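Listed below, chain by chain, are the residues.
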Amino acid sequence: MKRPLVAVVAFYTAGLLIAQTFRPPPLVLLAALSALLVLALVLETLRVLLIGPMLVLAGASNLLLHTAILSPNDLRNLIGNGPEIVVVRGTLVRTPQIKISEREGEEIQHSLTLVRVREIRRGEKWRPAVGKIMVSTPAPLAADFFAGQAAEVSGVIARPSPPLAEGLFDYRDYLATRGIYYQLRAASTNDWRLSQPVLPKPPLTDRFLNWSRRTLAIGLPVKDDPLRLLWAMTLGWRTAFTGDIGDPFLRAGTMHLFAIDGLRIALISGMLVALLRVLRVARGWCGAVAIPVIWFYTAATGWESSAIRAAVMMTLVLGGWALKRPGDLINSLAAAAFLILLWEPRQLFEASFQLSFFVVLVIALLLPPLNRICDRALRHDPLLPDELVPRWRRTLTGALRMLSRYFALSLAAWAGSIPLSALYFHLFSPISPLANVIAVPLGTLALMSNLGALVCGAWLPGATALFNHAAWFFMVAMTWVSQVSTRIPGSFFYVPAPSWISIALYYGVLIVALSGWLNTARRKILGAAVLICIAAVYLCRWEGSRDEIQLTVLPLNGGHSVIVDATGRKNDWLVDCGDENAVNFTLKNFLRAQGVNRILRLVLTEGNLRNCGGAKSLDDLFGVGELWTSGAKFRSPAYRAAVSAFETPPSRRKIFDCGGQSGCWRALWPEATIHVPRAEDAALVLMGNFHGTRVLLLSDLGRAGQSGLISAAEDLRADIVIAGLPTGGEPLCDALLDAVRPRAVVIVDSEFPATRRASRELKERLAQRKIPVIYTRDSGAATLLVDDHGRQLRTMDGQQFTSSDRYQ
């Protein structure tokens, strides 16, 4: 077999996927594995056939043993779901990292650190505990707290919160793939104290990083964004990415330059080996020097998973080269994947692992044919001797060949990342190959300059300053290239996440097409038939779902937003948007996860800051085509500022008159001449009709407004009612419930602020109606799916209601 490790890692990975999907008992798998092992030892003729099943069982057993509760002192046994106030003792796994976020123009710092727990106190009694927790503190910790230090910390421990809505980042799952199931929130740095034994100084890697940051700043006047980005690229300093600094790199597809991944390790290895070869060092000694340097760099940058993977891969490649063994990139890739998954099987489910290996795999398969195409296109007349080709043409051909090969490499890497970029970042960036052709050389020059500065250090301060200024210039140029690339129309699009089946089909088709399997006419016909069947299945699915309408109720820290995704973008609506923080931290990410690149219609139902304060930020981020409001006048400065931003041109501002209709919505309230005591009593009330399902949006309508609505509207019957909490009184008075007769109710309340929580009296009153009532404080976002056959209402906590009944 030419590439035996490919089959090994395929069987082993299949076991991991089976264990992750079905969760069989570990003891059963170990027993089956032992039985097959004994059978293979006894029956020599079956050994080859049993290798595959044994690898499958080994992979499944390994994953389950890494995730199962094996100790009675496991935190999952002791804590449950939480939250609880506890005190824990343990060891810092890594030095606290500073995270910086911006809220209302102010930088807010907090620290995150990973602690391996050995004891926990609940009440007055200490007891042994096993597990890792992520500890968050709303301020930087003292310098005495570093990796390896024993410490004691108190706070509230609980499982990380699940995502608020579909498509948002799942922090709970992110931590679980790293074996972390709990998060502890300390109130301040005073909740921390050192335990015995106290280490006198930080580990060598921390001291190296601190020295490196100081060295890379020598000669530069200020610590600005380019310098922080250089720290991120060279040292893995993640604090650099605050606010929206990383957005241009993400959209241009150049964000990988800041990850300690295969490209970074390959560049450093290449520079080091090239230097050693210039000095006429033998291949064996080059490997003996380069491999330890790579692993020291991996340790110094914090043992990031991506760096470990790249170091394993480069160790295999360099080791084979140094020992003069024939190399095969795909077989080496499989060997690295097998070793890593054997050590930590949960890495298979990390985005960085998937991107690293699939991108390299596609490069290995796609780059050779692309290079052959480029060589044929640039080849001169084969009957013409090289001596007769003009020198200028030979020079130009050489430069074009190098550029075309470099572009082919960038194109192959982009092709390998398309579905995973859509899955994890919701981005499709056609500009990425071109942007990387320019940005990667600039990043390489910046990295070379930084390495030169680290070599010179304080011994040659003049040379160090020169290297640092060069690195700063190259980083500014790389940033400019990424920013300019994303300003080109069509350079990037936000897209919905593809399904895992679609991703598997994409890579399957790509691997089959590039691996040479389609080398006969019969196989080509079979491949074409399979592609036609796949296309037909997707066409049928698209045709069946094209008339489906999705309505999402998104709670936004006291406010809320209703997002309507109807057939075609022209029928989409966004009702309310929350305040500025809600837009920047929640709504923006949710809309991008749905593939929204522009908002055609925004409706503001009332003048409260918590529902309309983010309209201007939303317009800046997405561009809003039309703003719809009622004719009511609100004194709220936030509302007036939001509306005034849409006055130019005048065609952007639209009025929803009472009784008027636009698209699927009809305005029921307020009447033009109405006078109400409170602004929330004049909130815009909309009735939507989606395939016969009637949806009533009440916004935060107050008690007087509810009475006015009952008197003004003739037919208030609705299948689904969505209501926020008015400041005074309760939503959905009994008279309004009698008039509406809903089949399900969604009450949009929030954990914070406390005044936006549904009261016990409201819950008891609505429970008497014997209809499903969803409270978004407990359930998260609620999603309504409607088609010709009926409707389904589901929530993030797993509630689901299906019905085909409709009001006529």
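Residues numbered from 1 in each chain as written. Predicted model: local features only at pLDDT ≥ 70, side-chain atom pairs only at ≥ 80, totals over all residues. Heavy atoms only, no water.

Colleague: Outline the sheet that holds strand E22 (residues 773-775), listing residues and values.
Modeller: Overall, mixed pairing links the seven strands, which are arranged E16-E17-E18-E19-E20-E21-E22 in an open sheet. The open sheet has two edge strands with one neighbour each: strand E16 (661-662) and E22. Pairing geometry for strand E19 (residues 693-699) and strand E20 (residues 720-723), over four bridges, is parallel. Looking at E20, one finds that Val 695 is bridged to Ile 720. Strands strand E17 (665-669), strand E18 (685-690) and E19 of the sheet are contacted by helix H23 (residues 703-712), whose axis makes an angle of about 110 degrees with E17. (Pairing = 2+ DSSP bridges. Helix = DSSP H or I, 4+ residues; strand = E, 2+ residues; numbered from the N terminus. Contact = heavy atoms within 4.5 Å. Axes fitted to C-alpha atoms, helices over the stretch in contact; angles between N-to-C directions.)

Colleague: So what about the packing of aromatic side chains? Which residues, and what values?
Modeller: Centre distance and the angle of the planes are the two values used to describe a pair of aromatic rings. Taken as a whole, this structure holds 19 aromatic pairs when the rule is applied. On the basis of an interplanar angle of 80 degrees and a centroid distance of 5.3 Å, the ring pair of Tyr 12 and Phe 338 is categorised as edge-to-face. Residue Tyr 12 is located in helix H1 (residues 4-22), and its partner Phe 338 is located in helix H12 (residues 329-343); the two are separated by 326 residues in the primary sequence. Note on Tyr 12: relative accessible area 1%, which makes it buried. Here the aromatic residues Phe 169, Tyr 171 and Tyr 174 are joined through ring pairs into a cluster of three or more. The aromatic ring of Trp 126 is capped on one face by Arg 89, whose charged end is 3.7 Å from the ring centroid. Stacked on the ring of Tyr 775, the Lys or Arg Lys 763 has its end atom at 5.1 Å from the ring centre. (Phe/Tyr/Trp six-rings, centres within 6.5 Å; stacked < 30°, edge-to-face > 60°. Buried < 20%, exposed > 50% of the residue type's maximum accessible area, 1.4 Å probe, protein only. Lys NZ or Arg CZ within 6 Å of the ring centre and 35° of its normal.)

Colleague: If you had to explain the layout of surface pockets to someone new, which residues and values would you point to?
Modeller: Roughly 980 Å³ of internal volume is contained in the second largest pocket. Around the second largest pocket, the lining comprises 28 residues; the ones closest to its centre are Pro 496, Ser 545, Glu 548, Gln 550 and Asp 565. Broken down by secondary-structure element, the contributors of at least two residues to the lining of the second largest pocket are helix H18 (521-545) and strand E10 (549-556). No other element matches H18, which puts four residues into the lining of the second largest pocket. Residue composition of the lining of the second largest pocket, grouped by class: eleven nonpolar, nine polar and eight charged. (1 Å grid on protein atoms, 1.4 Å probe; cavity = no way out; pocket = protein on both sides within 12 Å on 5 of 7 lines; lining within 4 Å. Points joined across faces, edges and corners; volume = space filled by probe spheres on them. Nonpolar A, V, L, I, M, F, W, Y, C, P; charged D, E, K, R; others polar.)

Colleague: Pulling in residues and values, what's your account of the confidence of the model for the protein?
Modeller: Mean pLDDT over the protein works out to 88, with 98% of the residues at or above the 70 mark. The secondary structure element of the protein with the lowest average pLDDT is strand E2 (residues 97-103), at 76, and the one with the highest is E20, at 96. (pLDDT = per-residue confidence, 0-100.)

Colleague: How would you summarise the packing of helix H17 (residues 500-514) against H18 if you had to cite specific residues and measurements?
Modeller: For the pair H17 and H18, the least separation of the axes is 13 Å and the interaxial angle reads 160 degrees. Taken together, the axis directions place H17 and H18 in an arrangement best described as roughly antiparallel. Here the hand of the crossing between H17 and H18 comes out left-handed. Of the residues in H18, those in contact with Ile 501, Ser 502, Leu 505 and Val 509 of H17 are Leu 531, Ile 534 and Tyr 538. Taken together, the residues of the contact of H17 with H18 sort by class into six nonpolar, one polar and no charged. (Parallel < 35°, antiparallel > 145°, perpendicular 65-115°, else oblique. Left-handed = near helix turned anticlockwise from the far one by under 90°.)

Colleague: An account of the sheet that holds strand E24 (residues 790-795) is requested, with residue identities and associated values reported.
Modeller: The nine strands are arranged E15-E14-E13-E12-E11-E10-E23-E24-E25 in an open sheet whose pairing can be described as mixed. Every other strand in the sheet has two partners, leaving strand E15 (653-655) and strand E25 (800-803) as the edge strands with one partner each. Averaged over all adjacent pairs, the angle separating strand axes in this sheet is 15 degrees, with direction ignored. Pairing between E24 and E25: four bridges, direction antiparallel. Counterpart to Gln 792 in the pairing with E25 is Thr 802. Against the sheet, helix H19 (residues 580-593) engages E10, strand E11 (559-565), strand E12 (573-575) and strand E13 (599-603), with an angle of about 160 degrees to E10. Along the sheet, helix H21 (residues 615-622) makes contact with E12, E13 and strand E14 (624-629), crossing E13 at roughly 175 degrees.

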